[in-house]
There are 2 protein chains.
Amino acid sequence: MIKAIVFDAYGTLYDVQSVGEVIEAAFPERGEYITQVWRLKQLEYSWLRSMMGEFEDFWAVTREALHYTLGTLGLRPEEALFERVAEAYNRLLPYPDAEAALTALAGRRLAILSNGSNDMLSALVRNSGLDQHFHAVMSVDAKRVYKPDMRSYEIVEEKLGAKPDEVLFVSSNGFDVAGAKRFGFHVARIERVPAAALKDEIAGAATIGPLTMFKALRLQEEAMSQRPDFVISSLSLLPGLIDGLDVEPIARSA
Amino acid sequence: MIKAIVFDAYGTLYDVQSVGEVIEAAFPERGEYITQVWRLKQLEYSWLRSMMGEFEDFWAVTREALHYTLGTLGLRPEEALFERVAEAYNRLLPYPDAEAALTALAGRRLAILSNGSNDMLSALVRNSGLDQHFHAVMSVDAKRVYKPDMRSYEIVEEKLGAKPDEVLFVSSNGFDVAGAKRFGFHVARIERVPAAALKDEIAGAATIGPLTMFKALRLQEEAMSQRPDFVISSLSLLPGLIDGLDVEPIARSA
């Protein structure tokens, strides 16, 4: 029996590439590069800070990563511009398939578990209008570690009362799929870039650019041992998948 | 008083780019791409496995990362070819400045602390002929975590009897500089790609390719709070730097 369907936010419900327009406007011709390096370093810093036992919240990590990224271009923008670009992370667009999928799943207990700070997640779900779909929006903040540290996933049971094998966790991030599966969740991977599509993209590229590198580094299934239970190409296929599972409706819960 | 000078191996003494030739021969026109993605995923898997509490030694991690990388190209090579490419990691070339610097530092207690497994490190220092320079070659294996987990750095005191503030740690890897500094070592960063050089390389590139992305992601000083005590552009400047420090000669030690 599945008691909760818990979504990753960044990359799963929300398109991290959607900061690209704001960045391109601020730093012409560098939108693609900055978007990829920023996201890659943001995740890296979340992992390194977890390992080093030196937690800073995801807003600090996001800003550090942006600072680093702009530094590689020799850019030191004035504060107002830096803040405007950083703020784009709180206005990420949901994937086009997100809202319809969440609407179709009404009646189940839906939640988010994200690296984002409480403030970032509040802004994100409010700005995107998706807030009414979620029973809970959970940040790793309380544990002072990031995914895929096992402690981050404990928050789900603490907040929702659902044991690991009563949770279906949905993520497009390979590291998160691996961590959630190791923790004991049932896991559905959203495969936004199928292996065959990436292979063709690389084969057809004169030079393998930053976005293709990002897809290669972040959007393929990891070669570690944990495998997802389900792989679907889009959130729009999630309601159909969940119809085949034994999911507790909200009305039946305490 | 500095009692030991401890070097990182991969990227500091040994050039991780030197696998490129073997890879290019095995997979024509893909040497640059595979070399970068392989190294990036190798480090990523070492971090993720540390965070998930699921240690596998660096040989397993190195092979997982290679498997992943080849998978992004749709490549599933036969076992002998896979092993030949993986083995290139045990035959990395030292940087041209490494041997002369180590020779000039004779009479001090020199050591390696590396993510590499004991077997990998033994092969690496033997294959490169650098083994006679080191008092100790230390693997993180014993702690079952990778750098920059603080526990990995404890090995230095356990094996060499040198307290953190009696160690000069030398690394070109930003995450390792940050971790070593946080642990309490004195830290010299080898800046193999100065910020101005990277900036120029990006400005001059029609498309930002995989090697430039690698330099941008891995070879700049991190934007986290820990700063190295010293920054030098090459190992060849290390003997001069160390001449200015109070370093205990081997003869005086117990």
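Computed from a predicted structure; not experimentally measured.

Visitor: Quick rundown of the relation of the copies chain B and chain A? Include the residues and the values.
Guide: Structural alignment of chain B on chain A gives an RMSD of 0.0 Å, achieved by rotating through 180° and translating 0.0 Å along the axis. The two molecules are tied by a two-fold rotation axis, judged by turn and shift. Judged by C-alpha distance, Gly209(B) is the residue of chain B that lies nearest the rotation axis, at 2.7 Å.

Visitor: Describe in detail the interface of chain B and chain A, supporting the description with residues and values.
Guide: Often, the extent of an interface is quoted as the loss of accessible area on bringing the components together. Listed by partner, the interface residues are 51 residues for chain B and 51 residues for chain A. Summing both sides of the interface, chain B and chain A together bury roughly 4,300 Å²; the carbon and sulfur share of this comes to 67%. Counting the surface chain B buries against chain A, the share from its top three residues, Met51(B), Met52(B) and Met224(B), is 18%. Counting the contacts that link chain B with chain A gives six salt bridges. Summed over the shared surface of chain B and chain A, the number is 24 residue pairs in polar contact (both at pLDDT 80 or more). Of all the secondary structure elements, the ones that give two or more residues to the side of chain B that touches chain A are helix H2 (31-52), helix H3 (58-72), helix H8 (174-183), helix H9 (195-203) and helix H10 (210-218) of chain B. Here the residues of the side of chain B that touches chain A sort into 26 nonpolar, 12 polar and 13 charged.

Visitor: Give a detailed account of the side chain of His133(A), specifying residues and quantitative values.
Guide: Residues and elements named next belong to chain A. As for its position among the elements, His-133 is in the loop between helix H6 (118-128) and strand E5 (136-139). With relative accessibility at 15%, the residue His-133 sits in the buried group. A polar side-chain atom of His-133 sits 3.3 Å from a polar atom in the side chain of Gln-132. Those residues within four positions of His-133 in sequence are excluded, and the remaining contacts are Glu-99, Leu-102, Thr-103 and Leu-110.

Visitor: For the packing of aromatic side chains, give the residues involved together with the corresponding values.
Guide: What the rule picks out here adds up to 26 aromatic pairs over all chains. Look at Phe58(A) and Tyr146(A): their rings are 5.7 Å apart centre to centre, the planes differ by 50°, and that puts the pair in the tilted class. Of the two residues, Phe58(A) is situated in helix H3 (residues 58-72) and Tyr146(A) in the loop between E5 and helix H7 (150-160); the sequence distance between them amounts to 88 residues. Comparing Phe58(A) with Tyr146(A) shows no difference in burial state: the two are buried. Ring centres of Tyr153(B) and Phe183(B) lie 5.8 Å apart, and the angle between their planes is 35°; this geometry places the pair in the tilted category. Separated by 30 residues along the polypeptide, Tyr153(B) in helix H7 (residues 150-160) and Phe183(B) in helix H8 bring together distant segments of the chain. Each member of the pair Tyr153(B) and Phe183(B) is classed as buried. Linked through ring pairs, Tyr10(A), Trp38(A), Phe55(A), Phe58(A), Tyr89(A) and Tyr146(A) together constitute an aromatic cluster. Taking the ring centre of Tyr68(B) as reference, the NZ or CZ of Lys41(B) above it sits at 4.1 Å.

Visitor: For the sheet that holds strand E1 (residues 4-7) of chain B, give the residues involved together with the corresponding values.
Guide: Across a sheet, strands are paired by hydrogen bonds formed along the backbone, either parallel or antiparallel in direction. Residue and element names in this part refer to chain B. An order of E5-E4-E1-E6-E7-E8 is seen for the six strands of this open sheet, with the pairing classed as parallel. Edge positions in the sheet fall to strand E5 (136-139) and strand E8 (230-232), since each has one partner strand and no second. Put simply, the sheet's adjacent strands are angled 25° from each other on average, direction ignored. Sheet topology places strand E7 (residues 186-190) next to E8; three bridges connect them, and they run parallel. Looking at E8, one finds that Ile-190 is bridged to Ile-232. Lying on the sheet, H7 is in contact with E1, strand E4 (110-114), E5 and strand E6 (167-171); it crosses E5 at an angle near 145°.

Visitor: Account for the pattern of salt bridges, with residues named and values stated.
Guide: Tallying each qualifying case throughout the model produces 44 salt bridges over all chains. Residue Arg218(B) is joined to Glu44(A) by a salt bridge in which the shortest nitrogen-to-oxygen separation is 2.8 Å. Taken together, the positions of Arg218(B) in helix H10 and Glu44(A) in helix H2 (residues 31-52) put the pair across two chains. Take Arg218(B): its relative accessible area is 2%, and that puts it in the buried class.

Visitor: Explain the pairing of strand E7 (residues 186-190) of chain A residue by residue, including any values.
Guide: All names here are of chain A. The element E7 is largely enclosed, with a buried count of four among its five residues. Taken together, the four bridges between strand E6 (residues 167-171) and E7 define a ladder with parallel strand orientation. Within E7, the position partnered with Ser-171 by the bridge is Arg-189. Note on the crossover from E6 through helix H8 (residues 174-183) to E7: the handedness is right-handed.

Visitor: Can you tell me about the sheet that holds strand E4 (residues 110-114) of chain A, naming the residues and giving the values?
Guide: All names here are of chain A. If you trace the six strands from one edge of the open sheet to the other, you get E5-E4-E1-E6-E7-E8, paired in parallel fashion. Unpaired on one side and paired on the other, E5 and strand E8 (230-232) mark the two borders of the sheet. The sheet shows a mean angle of 25° between the axes of neighbouring strands, taken without regard to direction. Two elements, strand E1 (residues 4-7) and E6, share four bridges in a ladder whose sense is parallel. Note on E6: the bridge partner recorded for Ala-4 is Val-167.

Visitor: I'd love a proper account of the packing of helix H10 (residues 210-218) of chain A against H2(B), names of residues and values included.
Guide: The geometry of H10(A) relative to H2(B) is characterised by a closest axis approach of 10 Å and an angle of 45° between their N-to-C directions. Taken together, H10(A) and H2(B) sit at an angle that is classed as oblique. The interaxial crossing formed by H10(A) with H2(B) has right-handed handedness. Taken together, the residues of H2(B) that come into contact with H10(A) (itself represented by Met213(A), Ala216(A), Leu217(A) and Arg218(A)) are Tyr33(B), Gln36(B), Val37(B), Leu40(B), Lys41(B) and Glu44(B). Taken together, the residues that form the contact of H10(A) with H2(B) break down as six nonpolar, one polar and three charged.

Rules used in this analysis
- Residues numbered from 1 in each chain as written.
- Chains lettered and ligands numbered in written order.
- Predicted model: local features only at pLDDT ≥ 70, side-chain atom pairs only at ≥ 80, totals over all residues.
- Heavy atoms only, no water.
- Least-squares fit on C-alpha atoms with pLDDT ≥ 70 in both.
- Contact = heavy atoms within 4.5 Å.
- Buried area = accessible area lost by both parts, 1.4 Å probe.
- Salt bridge = Lys/Arg side-chain N within 4 Å of Asp/Glu carboxyl O.
- Polar contact = N/O pair within 3.5 Å; in protein donor to acceptor, adjacent residues only side chain to side chain.
- Helix = DSSP H or I, 4+ residues; strand = E, 2+ residues; numbered from the N terminus.
- Nonpolar A, V, L, I, M, F, W, Y, C, P; charged D, E, K, R; others polar.
- Buried < 20%, exposed > 50% of the residue type's maximum accessible area, 1.4 Å probe, protein only.
- Phe/Tyr/Trp six-rings, centres within 6.5 Å; stacked < 30°, edge-to-face > 60°.
- Lys NZ or Arg CZ within 6 Å of the ring centre and 35° of its normal.
- Pairing = 2+ DSSP bridges.
- Axes fitted to C-alpha atoms, helices over the stretch in contact; angles between N-to-C directions.
- Right-handed = clockwise from strand over helix to strand, strands pointing away.
- Parallel < 35°, antiparallel > 145°, perpendicular 65-115°, else oblique.
- Left-handed = near helix turned anticlockwise from the far one by under 90°.

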